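Each chain, letter by letter, is given below.
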Amino acid sequence: MRRFFLAISMLFLVIKTSGQEKEKVKYLDSIQLDLKRALDSVLKSTPNDLNMIVLKKKLKEITPKKPKEKEQVGWKTKANFSLLFNQSAFNYDWQGGGTSNIAGNTGLNFEFNYKKKTLTWDNKVIADYGLTFLKDESFARKTNDRIEFNSRLGQRIGESFWNYSLFVNFRSQFAKGYRFTKDPDTEETIRTEETHFFSPAFIQIGPGVLWKKSDNLHFNIAPVTARLIFVDDQFTVGEEYEDGDYFGVDTGEDSRFEFGGSLAAYAKITVLKNVTIEQLLNLYSNYIEDPANVDIDYTLNVNLLVNEYITGSFVFQSIYDDNATSGFQIREVIGLGLKYEF
């Protein structure tokens, strides 16, 4: 019996609520109709162009303004992890040619930034590593290997976008790098070590000025920049070695000092709802030796967000450093993989 009375009570409550909703909708419709009639009577005697101007202005006044984002105070962190994977397979009868392979690339971007009033301290760690395994090859080959740390301190000048700045940049790699050749007699693959962790390693530091409109658009100019290049002295010895052959380091030495000027620029734009484009440009000129030979490091990242965890990316990087090689170094990676932000 209790259940019966409870069901009846619930039914009356639903009917009452439904009736209240209908009354509310009817009331709102009545207000809307009265407002439309009032506007028609006011606007019918004035030109349409003038009516449009007045109505747009009034709509702008009564449209609720978006709440301003709270200004960052203290530390703020952001991390992005990605894993790209691709695989190709060809059987013996495949006439188009090709070598079966498996490749993977992983990357981590971690930012930890501090802001208080006019003081900012931006820090970013970039780590990338990739390998490809070719069928019938004895050795895996790297497709990417980078570890980089950027730190920049800024003090805003007045109310402008300009800041006094001091930056530090460190770049190196995780694993050994090899040059691959073929034995002319056995056709076996021979690999010769050319680089490894901290060989080379680049450290730059210098004061300058920073123009920062937002986290997505800024550039830093440091006309007084010191750069240190560290290498393993095992690569700078030998009868055939000449000064400067290995990243500009002299015979038997394990480091090189340069003094010059640098520029670092960053821009990120959203071209579509789930597509963003990042561009990074770093320039450096050594005042001590060949200042006209400007070192260039340009990176283009195109990111496509499929959903919360799946992403597509295209990376193009071009480096010119006459101490490392006489031409441009080009790297391109395209893939679909997993992405995780935390």
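The text that follows walks through the structure, step by step, so that each part is easy to find. (Residues numbered from 1 in each chain as written. Predicted model: local features only at pLDDT ≥ 70, side-chain atom pairs only at ≥ 80, totals over all residues. Heavy atoms only, no water.)

**Things to note about the overall build of the protein chain**
Looking only at helices and strands, one finds 2 helices and 14 strands in the protein chain. Across the 342 residues in the protein chain, those meeting the buried criterion constitute 27%. For the protein chain, the share of sequence-separated contacts (at least 6 apart) that also reach a separation of at least 24 residues comes to 53%. Accessible surface, the protein chain as shown: approximately 23800 Å² in total, 60% of it carbon and sulfur. (Helix = DSSP H or I, 4+ residues; strand = E, 2+ residues; numbered from the N terminus. Buried < 20%, exposed > 50% of the residue type's maximum accessible area, 1.4 Å probe, protein only. Contact = heavy atoms within 4.5 Å. Areas by Shrake-Rupley, 256 points an atom, 1.4 Å probe, with all protein chains shown as cover.)

**Thoughts on the environment of F139**
The topology assignment puts F139 in the loop between β3 (119–134) and β4 (141–156). In sequence terms F139 and F180 are 41 residues apart; their C-alpha atoms lie 9.5 Å from each other. Beyond its immediate stretch of four places on either side in the chain, F139 contacts F180, T189 and R191.

**With respect to the nonpolar core**
Core analysis: the largest hydrophobic core is formed by 8 residues, namely F202, I229, V231, F235, Y241, Y246, F247 and V249. Leaving out residues up to four positions away in the same chain, F202 has contacts with N169, F170, R171, R227, L228, I229, F247 and D321. (Core = buried A, V, L, I, M, F, W, Y, C linked by side-chain atoms within 4.5 Å.)

**Quick word on the pairing of strand β6 (residues 177–182)**
Bridge count for β6 against strand β7 (residues 189–195) is 6 bridges, and the pairing is antiparallel. If you follow R179 over to β7, its bridge partner there is T192. Turn length for the β6-β7 hairpin, with the two strands adjacent in sequence and antiparallel, is 6 residues, and the turn residue E187 shows positive phi of about 65°. (Pairing = 2+ DSSP bridges.)

**Here we look at a nonpolar patch on the surface**
The grouping of F81, L83, L108, F110, L304, V306, Y309, I310, L336, L338, Y340 and F342 at the surface amounts to a nonpolar patch, some 1100 Å² of accessible area in total. Secondary-structure elements contributing two or more residues to the nonpolar patch are β1 (74–88), β2 (101–116) and β14 (328–341). Per-element accounting of the nonpolar patch gives the leading share, 3 residues, to β14. On the secondary structure map, L336 appears in strand β14. Overall, L336 belongs to the exposed group, its relative accessible area being 52%. (Patch = residues over 30% accessible without salt bridge, like charges linked within 9 Å, V, L, I, M, F, W, Y side chains within 5 Å. Salt bridge = Lys/Arg side-chain N within 4 Å of Asp/Glu carboxyl O.)

**Remarks on a negative patch on the surface**
A surface patch of like charges, here negative, comprises D233, E242, D243, D245, D250, E253 and D254. D243 sits in the exposed class, given a relative accessible area of 53%. (Lys, Arg positive; Asp, Glu negative; His and termini not counted. Charge placed at Lys NZ, Arg CZ, Asp CG, Glu CD.)

**Thoughts on unusual backbone geometry**
The peptide bond linking S199 to P200 adopts the cis configuration, its omega dihedral lying at 10°. Positionally, P200 belongs in the loop between β7 and β8 (201–214). Positive phi is not limited to glycine here, since K117 has a value of about 55°. Within the secondary structure, K117 is located in the loop between β2 and β3. Phi is positive for D136, which is not a glycine, with a value near 70°. Among the residues examined, D136 registers a relative accessible area of 74% and is labelled exposed.

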